[in-house]
Amino acid sequence: MTAALLLAALALLGLGSAACAAAGTFRIAIAVQAVGAMLIALVGFAAFGSGTTFGAAFSSGFTPRLGVDGLTAFFLGMLGLVAAPTFAFASRYLEPEPRGRVVAGLTGVFVLTLAEVLCARDPLTFLAGWELMTLLPAALILVGRADETARRTVFLYVAVTHLAGAGTWIAVLLAAHAGVLDGTHVLTRGSGLQIAIAVAALVGMGTKAGVMPLHSWLPRAHPIAPAPVSALMSGVMIKVAIYGLVRVLVDWLGVLPVWFGVLVLALGALSAVGGVVYALFQHDLKRLLAFHSIENVGIIVLGLGACLLLRARGADTWAALALAAALLHTLNHAVFKSLLFLGAGAFEHAVGSLEIDRLGGLLRRMPWTGGAFLVGSLAIAGVPPLNGFASEWLTLQALVHVPAYGGLGDGLAGAFSLAALAATAALAVFCFVKVVGLVLLGPPRRERVADAIEAPLPMRAAVVALASACVALGVVPGLLVASLARLAPWPVSIPTSLVLRLPGTGSLPTVGIALVLGLLVP
């Protein structure tokens, strides 16, 4: 039944994408796409919550195979959760003229491709989807903008992701050759083959995720894409690269050496701090948001590095919780970053330029969109009780436990990572205080900003739905954490609760925090 519903969802998405070609059915076609995406979200989260698996298992052969396990189901739920409001937004953001119809149709194909990568169960299907996932955003950018800047940006994006993306091919093909995809072989810890696969995956998939220093394409490509495409690229596409890293480093390769976990921690710290520092100096809103994607990918990679390091030391429970922290922040970032990019798209639709210093007063002029954008800004800044705070707190707890299970080197790595996370959180607050002050508050700084009107209903509904998800995920994160921890390919026992309850550290009473703040805020 679950498999049939997923097939129906994908069929609706494909049907809607094809129907976008006709001007007369344009709005209806995008509505069909949105319904298909909603079904993907429902099927994904239902399968994830119930532990349902269906379809084929992983194989090292090259016969096309598709299937869904817990990790795939979680990412499918995230894909649908972001794509459904994005399509609703696009129904009024895009016009039913030839360029808008092509963008809408290709966006649907892009979502289908992301789903295909997640469901792939053999090297051929995975790598074919991976390449198409790279090329479709390039086509969407060129359709949306055909100027010289767009062409140069697309050239850089394709060049960097394909050159470094050779690492993905090397990692997947070597893993298939070694027989680790289907679990028939287990690689020796620290062997040359294990390290070669791990390093290749870190380069290839890390580039696609925007990990520093392999990030150069991201702050150039994301800002010039149409707003719905930017939301999907930053909200989901780079998370599919995180899916690949988790699949290879955690699921397929077994226990990696300690030094590799430290390397992943270092790259996460560099990306988190570097991304937020670069963001502070940006004057274009979408470019600022792109650098914050690098920052948040860094936080995710910090959690992944803590998982690898703790597992290498035998701390299986905390390794699973570190993995849960990384995956929870993956979901949270997908939600609030797609919200922020769609909000920026609504502002651009209303006032034209997104130069931060020339906006102002949009919370008064566009209260629904501005209010949702404010929620997203608070979430990305890690303000409780929103979702960004919950996953950053869980990541911090995992990093605190890194020194407890190792020696001096582990302690230094944990301390350095904690300092990086703390600095990142502080600078993110500073950056979004500036953004909120210059974009939402104060007087309008241009005549067109002063004349701005609220976005159409579907665009408002999209950003409000995502803002509501930010609140819900922040208030009851405990509902997800236990299930996320159980995605680890080793046995772990963590009870499910509404709030975050961690062994040996007490709990984070997210529901209580939300209630107190609700009473204090008039």
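Residues numbered from 1 in each chain as written. Predicted model: local features only at pLDDT ≥ 70, side-chain atom pairs only at ≥ 80, totals over all residues. Heavy atoms only, no water.

Description of the overall build of the protein chain
At step 1: Of regular secondary structure, the protein chain possesses 20 helices and 4 strands.
At step 2: Here the protein chain has roughly 17,800 Å² of accessible surface; of this, 71% comes from carbon and sulfur atoms.
At step 3: Positive and negative side-chain charges of the protein chain, numbering 29 and 21 respectively, have mean locations separated by a distance of 2 Å. (Helix = DSSP H or I, 4+ residues; strand = E, 2+ residues; numbered from the N terminus. Areas by Shrake-Rupley, 256 points an atom, 1.4 Å probe, with all protein chains shown as cover. Lys, Arg positive; Asp, Glu negative; His and termini not counted. Charge placed at Lys NZ, Arg CZ, Asp CG, Glu CD.)

Topic: the environment of Leu 457
At step 1: The residue Leu 457 is located in helix α18 (residues 457–475) in this model.
At step 2: Sequence separation between Leu 457 and Ala 201 is 256 residues, and the spatial gap between their C-alpha atoms is 43 Å.

Things to note about the pattern of salt bridges
At step 1: A complete count under the given rule lists 6 salt bridges for this structure.
At step 2: Arg 27 is paired through a salt bridge with Glu 95; the nearest N and O atoms lie 3.9 Å apart. Of this pair, Arg 27 sits in helix α2 (residues 26–50) while Glu 95 sits in the loop between α3 (70–93) and α4 (98–119), placing them 68 residues apart in sequence.
At step 3: Overall, the relative accessible area of 40% leaves Glu 95 in the partly exposed class. (Salt bridge = Lys/Arg side-chain N within 4 Å of Asp/Glu carboxyl O. Buried < 20%, exposed > 50% of the residue type's maximum accessible area, 1.4 Å probe, protein only.)

Let's talk about the packing of α2 against α4
Each packed pair of helices is defined by two parameters, the angle between the axes and the distance between the axes.
At step 1: Interaxial distance between α2 and α4 falls to 11 Å at its minimum, and their mutual angle equals 15 degrees. In terms of their interaxial angle, α2 and α4 are classed as roughly parallel. Considering how the two elements wind past one another, α2 and α4 form a crossing that is left-handed. Residues Phe 26, Ile 30 and Gln 33 of α2 lie in contact with α4, whose contacting residues are Gly 100, Arg 101, Ala 104 and Gly 108.
At step 2: Here the residues of the contact of α2 with α4 are counted per class, giving 3 nonpolar, 3 polar and 1 charged. (Axes fitted to C-alpha atoms, helices over the stretch in contact; angles between N-to-C directions. Parallel < 35°, antiparallel > 145°, perpendicular 65-115°, else oblique. Left-handed = near helix turned anticlockwise from the far one by under 90°. Contact = heavy atoms within 4.5 Å. Nonpolar A, V, L, I, M, F, W, Y, C, P; charged D, E, K, R; others polar.)

Description of the environment of Leu 354
At step 1: Here Leu 354 lies in the loop between α12 (316–351) and α13 (362–365).
At step 2: Judged by relative accessible area, which is 4%, Leu 354 ranks as buried.
At step 3: It is 9.1 Å that separates the C-alpha atoms of Leu 354 and Val 439, two residues lying 85 residues apart in sequence.
At step 4: Residues within four places of Leu 354 in sequence aside, it is in contact with His 283, Asp 284, Leu 285, Lys 286, Ala 344, Phe 347, Glu 348 and Leu 359.

None of the figures reported here should be taken as evidence of function without further support.
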